[in-house]
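Structural overview
Chain by chain, the residues:
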Amino acid sequence: QVQLVESGGGLVQAGGSLRLSCVASGSISAINAMGWYRQASGEQRELVATITNGGTITYADTVKGRFTISRDNAKNTVYLQMNSLKPEDTAVYYCNAPMKWVDYDFWGQGTQVTVSS
């Protein structure tokens, strides 16, 4: 089992910044990446950014150039620096960690990000 705990969400004005953190604990060796997804009200959950154990990074087109994902393996923590936030970035942001050998993902409980116009 892997436990993921997010922090750093909140309310910010458009153009502002927030930094999300996600700390992983448990069977860390069983995961091959960490990342962030988001789900706006009434919408499907969507990929924001991921970073593999080898450091390969993927961003959604909607956040490229504004968001930066990073990972501190010593602290089992992944970060999402969000700059130039827009109202359409408003969502619950979930930390994600897929397993190496089976098609199964671990999820955090989510943290709310609200961007006011």
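What you see is a predicted model, and the numbers here were worked out from it, not measured in a lab. (Residues numbered from 1 in each chain as written. Predicted model: local features only at pLDDT ≥ 70, side-chain atom pairs only at ≥ 80, totals over all residues. Heavy atoms only, no water.)

As for the packing of aromatic side chains
Where two aromatic rings form a pair, the distance of their centres and the angle of their planes describe that pair. Considering all chains together, one arrives at three aromatic pairs under this definition. Ring plane angle 75 degrees and centroid distance 5.1 Å describe the contact between Y37 and W107, whose orientation is recorded as edge-to-face. Of this pair, Y37 sits in strand β4 (residues 33–39) while W107 sits in strand β10 (residues 105–107), and the two are 70 residues apart along the sequence. Residue class for Y37 comes out partly exposed when judged on its relative accessible area of 21%. (Phe/Tyr/Trp six-rings, centres within 6.5 Å; stacked < 30°, edge-to-face > 60°. Helix = DSSP H or I, 4+ residues; strand = E, 2+ residues; numbered from the N terminus. Buried < 20%, exposed > 50% of the residue type's maximum accessible area, 1.4 Å probe, protein only.)

Looking at the nonpolar core
Counting residues in hydrophobic clusters, the biggest one holds 28 residues, and the most contacted among them are L4, M34, W36, L80, M82 and Y93. At the level of elements, β1 (2–7), β3 (18–26), β4, β5 (46–52), β7 (67–72), β8 (77–82), β9 (91–98) and β11 (111–116) are the ones that each hand at least two residues to this core. (Core = buried A, V, L, I, M, F, W, Y, C linked by side-chain atoms within 4.5 Å.)

Description of unusual backbone geometry
Within the chain, N76 stands out as a residue other than glycine whose phi angle is a positive 50 degrees. Relative to the assigned elements, N76 resides in the loop between β7 and β8. Even without being glycine, S84 reaches a positive phi, approximately 50 degrees. Residue placement: S84 occurs in the loop between β8 and β9.

Some thoughts on the side chain of T111
By the secondary structure assignment, T111 is in strand β11. Residue class for T111 comes out buried when judged on its relative accessible area of 11%. One polar contact links the side chain of T111 to the main-chain amide nitrogen of G9, over a distance of 3.3 Å. Those residues in contact with T111, other than ones at most four positions away along the chain, are E6, G8, G9, L20, A91, V92 and Y93. (Polar contact = N/O pair within 3.5 Å; in protein donor to acceptor, adjacent residues only side chain to side chain. Contact = heavy atoms within 4.5 Å.)

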